[in-house]
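# Descriptive analysis of the structure
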There are 2 protein chains.
Amino acid sequence: MNAEVLSIGSELMAGRIADTNAAFLSEQLQSLGFDVTRHTAVGDRRADIRAAIKEIAARADLVLVTGGLGPTRDDPTRECFAAACGVELVEDPESTRRIREMFAARQAPLPASNLGQAYFPRGGEAIRNSTGTAAGFAVRLGRCRFFCMPGVPSEMKVMFRESVEPQLRSAAGRATLVRSLHIFGLGESTVGERLFDLMAEDHNPQVATQVHEGVITLRLTATDSGEAAARRRLDETEAQVRALIGNAIFGADETVTLQAAVAALLGRTGLKVAFAESCTGGELSARLTDVPGISAFLLESVVTYSNESKIRRLGVPAETIERDGAVSAATAEAMARGMRATSGADVALSVTGIAGPDGGTAAKPVGLVYMALADAAGARVEEARFRGTRQQIKDRAAKSGLNMLRLYLEGNTA
Amino acid sequence: MNAEVLSIGSELMAGRIADTNAAFLSEQLQSLGFDVTRHTAVGDRRADIRAAIKEIAARADLVLVTGGLGPTRDDPTRECFAAACGVELVEDPESTRRIREMFAARQAPLPASNLGQAYFPRGGEAIRNSTGTAAGFAVRLGRCRFFCMPGVPSEMKVMFRESVEPQLRSAAGRATLVRSLHIFGLGESTVGERLFDLMAEDHNPQVATQVHEGVITLRLTATDSGEAAARRRLDETEAQVRALIGNAIFGADETVTLQAAVAALLGRTGLKVAFAESCTGGELSARLTDVPGISAFLLESVVTYSNESKIRRLGVPAETIERDGAVSAATAEAMARGMRATSGADVALSVTGIAGPDGGTAAKPVGLVYMALADAAGARVEEARFRGTRQQIKDRAAKSGLNMLRLYLEGNTA
């Protein structure tokens, strides 16, 4: 069964707000087993709305519509569906009664326009709105069923849950399950090459990649006759993916951030950490402290943005900075060792690099970053090169630092 | 001129994310004077994409397209446009050269798939991507012009600003100018009340508010026969707004962040600063260090996440913490004074509070934050209460700290 989403509202064309209703309804439709093929959004011009309704009716089996049901003059959904179906609007007495009751309960005068909300295309069915005056309606055009709901997200969601979802559930035949795997430290093209066969268009589960600020999310969508069969498909493909991608996978489903993965590992190891940051400017600790309860594991962090601060706060030898520079493997190591010694942490992590846009040289270009991790046994250093804006370089450097810590902690839980 | 937006990506059909690209581009198109009539989003099935391209080409004058330009197998935009136009894909040698250079700079092996990103429909024109490997392209189908950009919002926005917007600007007819004013420290309803008359629907310039993470942006959109006339309208309304809102306005147009405003003031005063953070966890310094060249003014920052760290790094008296608690006006003041003394900065700012979700009490609820600013003359403390998630409280506390510093610096430039 092929489904689409239609959103009606001039605010969407103005671009003030993103269409979160379409995202919500799409996710619901997919999890009910529908194949969602298109979203359409139009403003409040009647000709555009009627044209969209007719085109979609010729393509889709089912359409979820939001918006354009309010009482004001520019709320056109009822009218346009009546016109597209070639029928008139007729009153639903039950809806009129409910609107009157609602205003009476509020002891508010009833504007005449609100009674317009009780009129629906002939042949359609009103859908109750338990949170507002704008009732929805269901209507059929050819083989296509439309469910029209309010545009206010909170009202739409209640109406969907109470009245639309139960009807869809009985209509859908198959079970669709979705699973996400989150990856850091590999490029999208590398992931695409390793998973080439699994990403074929007709593979079930479907495997798709999405990149957001350096993190690649693999989305596995399995469809089968029942939930158990769909879950088996997911398990099998996940095992194949893990064999091909390895420990660059840091989380699944809800564990979408590196800091959440690190915090979970700190909880399991009981180790205390401290950070010495330079080019990340506090980003590393800002991200880890997004996790509730992290104060039990993070002792402190020092953003040593000047050489003087590296020397005074962390005991980095002035000669090291003079000889190798503030951005060097030797300085990174001295920062991590110094942070561990002065903080009393079990593990200290340091990051130093060139965030740009200025300050790069041929030998040390913008994006060059050194990270070091010190524990009781010693220190290790990693070099990385990042591209992008200053913010992107700070972000990737902070994520790489968290990832270095994650891999270290994973090695300490085995 | 009639414009549409087309978004390509299975992640949109999966409903995990709302289509913020369509919202952004719609707003840009409107402010350039285009009439935006429809948004369409499709997944990554080639037949669906080709059908959407052809339908839209028959309706629209201009289409902004995002997504489907990555290097992996499920990235189909280039192919589908070539098929819809009835032409083949041909290599753009300049794009190939740029991709090779980019990988060479990273010292990373170049996956063969990435070279596919240098192929575009014959007759199209490559659009340079200065932040990633996925170049865009412009192509014409009948009377309709398509501009295809990457789906990653940050890359798309840079490409739009650098390469697409300038072309659109020359194509639009009437002069529409937009100016933004950014406000921090007042509620949206307060702003709405003060600007009630200016926000009337038929006011020219239109004045609209938009709130994003505590920052209110006023968008003034003036339309007139020529640029000079539109600019006069903007100047006049801006003066009225400034009289009504005062120094809560921290920036205009491109100065969209508090950190940019603070950095500009540091440049003018030449003062050196240092931060002592607790509940913000590094967010304050992470945001200020987003500004290029800030290392000339920010000496260091210490995230004293434990009491021990506050005592050892900043010399906060243990008795103060014991008597008043780590979240108190006295501790905030001692942190700021201690930071100033140990860092050698002219001005030191401290933040301590309860970010939650746990750790609140009736006397000191989640969201209670103390900020202190110390200079040669002494210290001042402010108390604030924020609501929201842990991240929101961290964010608002960091912004309030930056705002306190901004107002202090403004007082020192007069």
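A separate point is the sheet that holds strand β8 (residues 144-149) of chain B. Reading across the sheet, the 12 strands line up as β6(A)-β7(A)-β8(A)-β3(A)-β1(A)-β2(A)-β2(B)-β1(B)-β3(B)-β8(B)-β7(B)-β6(B) and stay open at both edges, with mixed pairing between neighbours. Of all strands in the sheet, those with a lone pairing partner are β6 (125-127) of chain A together with β6 (125-127) of chain B, marking the two edges. Pairwise comparison of adjacent strand axes, ignoring direction, gives a mean angle of 20° for this sheet. One ladder, built from 5 bridges, connects strand β3 (residues 62-66) of chain A with strand β8 (residues 144-149) of chain A; its direction is parallel. What sits directly across from A:T66, in β8(A), is A:M149. Sitting on the sheet, helix α4 (residues 77-85) of chain A is in contact with β1 (2-8), β3, β7 (136-141) and β8 of chain A, with an inclination near 15° to β7(A).

Once that is clear, we can look at the environment of B:T269. Residues and elements named next belong to chain B. Within the secondary structure, T269 is located in helix α10 (residues 258-269). For T269, a count of 17 C-beta atoms within 10 Å corresponds to the partly exposed category. In this structure, the C-alpha to C-alpha distance between T269 and G15, residues 254 residues apart in sequence, is 49 Å. Not counting residues up to four positions away in its chain, the partners in contact with T269 are L409, N412 and T413.

Phi is mostly negative for residues that are not glycine, and the peptide bonds are mostly trans. That bond from A:N204 to A:P205 is cis: its omega, 10°, falls within 30 degrees of zero. With respect to the element layout, A:P205 can be found in the loop between α8 (188-194) and β10 (206-212). For the peptide bond that leads from B:G356 to B:P357, omega is 0°, which places it in the cis range. With respect to the helices and strands, the residue B:P357 is situated in the loop between β15 (347-353) and β16 (368-375). Although it is not a glycine, A:E213 adopts a positive phi angle of roughly 45°. On the secondary structure map, A:E213 appears in the loop between β10 and β11 (215-224). Since 13 C-beta atoms lie within 10 Å of it, A:E213 is described here as partly exposed.

For the rest of this paragraph, the subject is the interface of chain A and chain B. Interface size is commonly expressed as the accessible area that is lost once the parts come together. Counting residues at the interface gives 66 residues for chain A, matched by 64 residues for chain B. Here the side of chain A that touches chain B is composed, by residue class, of 23 nonpolar, 27 polar and 16 charged. Relative to strand β14 (residues 298-304) of chain B, strand β14 (residues 298-304) of chain A is paired through 5 bridges, and the arrangement is antiparallel. Of the residues in β14(B), the one forming a bridge with A:V302 is B:V302.

All names here are of chain A. In this structure, N307 sits in helix α12 (residues 307-314). For the pair N307 and A326, spaced 19 residues apart in the sequence, the C-alpha separation amounts to 7.0 Å. If we skip the residues at most four places from it in the chain, N307 touches I321 and A326.

Glancing now at the sheet that holds β10(A). Residue and element names in this part refer to chain A. Spatially, β10-β11-β9-β12 is the arrangement adopted by the 4 strands of the open sheet, whose pairing is antiparallel. Of all the strands in the sheet, the pair left with one neighbour each is β10 and β12 (249-252). Recorded for the sheet is a direction-independent mean angle of 25° between the axes of neighbouring strands. Two elements, strand β9 (residues 175-183) and β11, share 9 bridges in a ladder whose sense is antiparallel. Paired with A175 across the two strands is D224, which belongs to β11.

A separate point is the domain arrangement of chain A. Split by domain assignment, chain A resolves into domain 1 (2-171), domain 2 (175-252) and domain 3 (258-411). The gap between the C-alpha centroids of domain 1 of chain A and domain 2 of chain A is 35 Å.

With that settled, the discussion passes to the environment of B:L186. Tracing the sequence through the fold places B:L186 in the loop between β9 (175-183) and α8 (188-194). According to the C-beta neighbour criterion, B:L186 is partly exposed, with 14 such atoms within 10 Å.

What follows is about the packing of α10(B) against helix α15 (residues 390-411) of chain B. All names here are of chain B. Running from N to C, α10 and α15 point in directions that differ by 30°, and their axes come no closer than 9 Å. By the criterion of interaxial angle, the relationship of α10 to α15 is roughly parallel. Crossing angle aside, the handedness with which α10 passes α15 is left-handed. Where α10 abuts α15, its residues L258, Q259, A261, V262, L265, L266 and T269 lie against K399, L402, N403, L405, R406, L409 and E410. Grouping the constituent residues of the contact of α10 with α15 by class yields 8 nonpolar, 3 polar and 3 charged.

Quick notes on the rules
- Residues numbered from 1 in each chain as written.
- Chains lettered and ligands numbered in written order.
- Predicted model: local features only at pLDDT ≥ 70, side-chain atom pairs only at ≥ 80, totals over all residues.
- Pairing = 2+ DSSP bridges.
- Helix = DSSP H or I, 4+ residues; strand = E, 2+ residues; numbered from the N terminus.
- Axes fitted to C-alpha atoms, helices over the stretch in contact; angles between N-to-C directions.
- Contact = placed C-beta atoms within 7 Å.
- Buried ≥ 20, exposed ≤ 12 C-beta atoms within 10 Å, placed from the backbone.
- Nonpolar A, V, L, I, M, F, W, Y, C, P; charged D, E, K, R; others polar.
- Domains from an automatic or database assignment.
- Parallel < 35°, antiparallel > 145°, perpendicular 65-115°, else oblique.
- Left-handed = near helix turned anticlockwise from the far one by under 90°.

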